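Architecture at a glance
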Amino acid sequence: MASLFLVGDFETMLLRTKKNTVIRRDYAATVISFGEARDKHLLVNGIGMTILTPITKFMVHLPMAFHQGRPESALIICFGMGTSYRSALSWNIDTTTVELVPSVIKTFGFYHADAARFINDPNGHIVVDDGRRFPQTHLGEI
């Protein structure tokens, strides 16, 4: 009997305990964004995907800095919070990012106040597709 009245779901618990929580749902997943300032988190179907961290910037900037010649393009598999995508676009190169879950892309503004600028960047391309297969089927197009 107690389980009928005392059990709650994870989303409701987060909404009660975390001040800044946004829940999005689509055909693929439930996406939860929560946190404030530099302590922001991204969960997909209740699984932690990433946190706001400078490491995702370095994952782009280091290879670009050591690339022989001027980089021409970048492919980011897994949009996440959009930090790697922003970093690649800062090199003023053609940048494609691939994300499986459409609602993850919609969280971009939650993590970065300047998201609209990068969404509208003519060098940027955001694709909803399976990142495991995308390079095999579209490599000639990017």
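Relevant structure appears above.
Residues numbered from 1 in each chain as written. Predicted model: local features only at pLDDT ≥ 70, side-chain atom pairs only at ≥ 80, totals over all residues. Heavy atoms only, no water.

This next bit is on the overall build of the protein. When you go through the protein residue by residue, the secondary structure sums to 8 helices and 7 strands. Within the protein, the fraction of its 142 residues that count as buried is 39%. Relative to all contacts within the protein whose residues are 6 or more apart in sequence, the contacts with residues 24 or more apart total 51%. Between the centroid of the 14 positive side chains of the protein and the centroid of its 13 negative side chains there is a distance of 8 Å. (Helix = DSSP H or I, 4+ residues; strand = E, 2+ residues; numbered from the N terminus. Buried < 20%, exposed > 50% of the residue type's maximum accessible area, 1.4 Å probe, protein only. Contact = heavy atoms within 4.5 Å. Lys, Arg positive; Asp, Glu negative; His and termini not counted. Charge placed at Lys NZ, Arg CZ, Asp CG, Glu CD.)

Take the pattern of salt bridges next. This structure, assessed with the given rule, holds 3 salt bridges. As a salt-bridge pair, Arg-133 and Asp-130 come within 2.4 Å of each other at their nearest N and O atoms. Residue Asp-130 is classed as buried on the basis of its relative accessible area, which comes to 11%. Through salt bridges with shared partners, a single ionic network connects Asp-130, Arg-132 and Arg-133. (Salt bridge = Lys/Arg side-chain N within 4 Å of Asp/Glu carboxyl O.)

A word on the pairing of strand β5 (residues 73-77). Side-chain positions along a regular strand alternate between the two faces of the sheet. Burial along β5 is one-sided: Ala-74 and Ile-76 are buried, and none of Ser-73, Leu-75 and Ile-77, which face the opposite way, are. Here 5 bridges tie β5 to strand β6 (residues 94-99), and the two strands are oriented parallel to one another. Counted as the bridge partner of Leu-75 is Thr-96 from β6. What joins β5 to β6 is helix α4 (residues 83-89), and the crossover it makes is right-handed. (Pairing = 2+ DSSP bridges. Right-handed = clockwise from strand over helix to strand, strands pointing away.)

Take the sheet that holds strand β4 (residues 47-51) next. Across a sheet, strands are paired by hydrogen bonds formed along the backbone, either parallel or antiparallel in direction. If you walk across this open sheet you meet the 4 strands as β1-β2-β3-β4, and the pairing is antiparallel. Every other strand in the sheet has two partners, leaving β1 (21-25) and β4 as the edge strands with one partner each. Each strand of the sheet is rotated relative to its neighbour by a mean of 20°, with strand direction disregarded. Bridge analysis of strand β2 (residues 30-36) against strand β3 (residues 39-44) gives 6 bridges, and the strand direction is antiparallel. Within β3, the residue paired with Gly-35 across the bridge is Lys-40. (Axes fitted to C-alpha atoms, helices over the stretch in contact; angles between N-to-C directions.)

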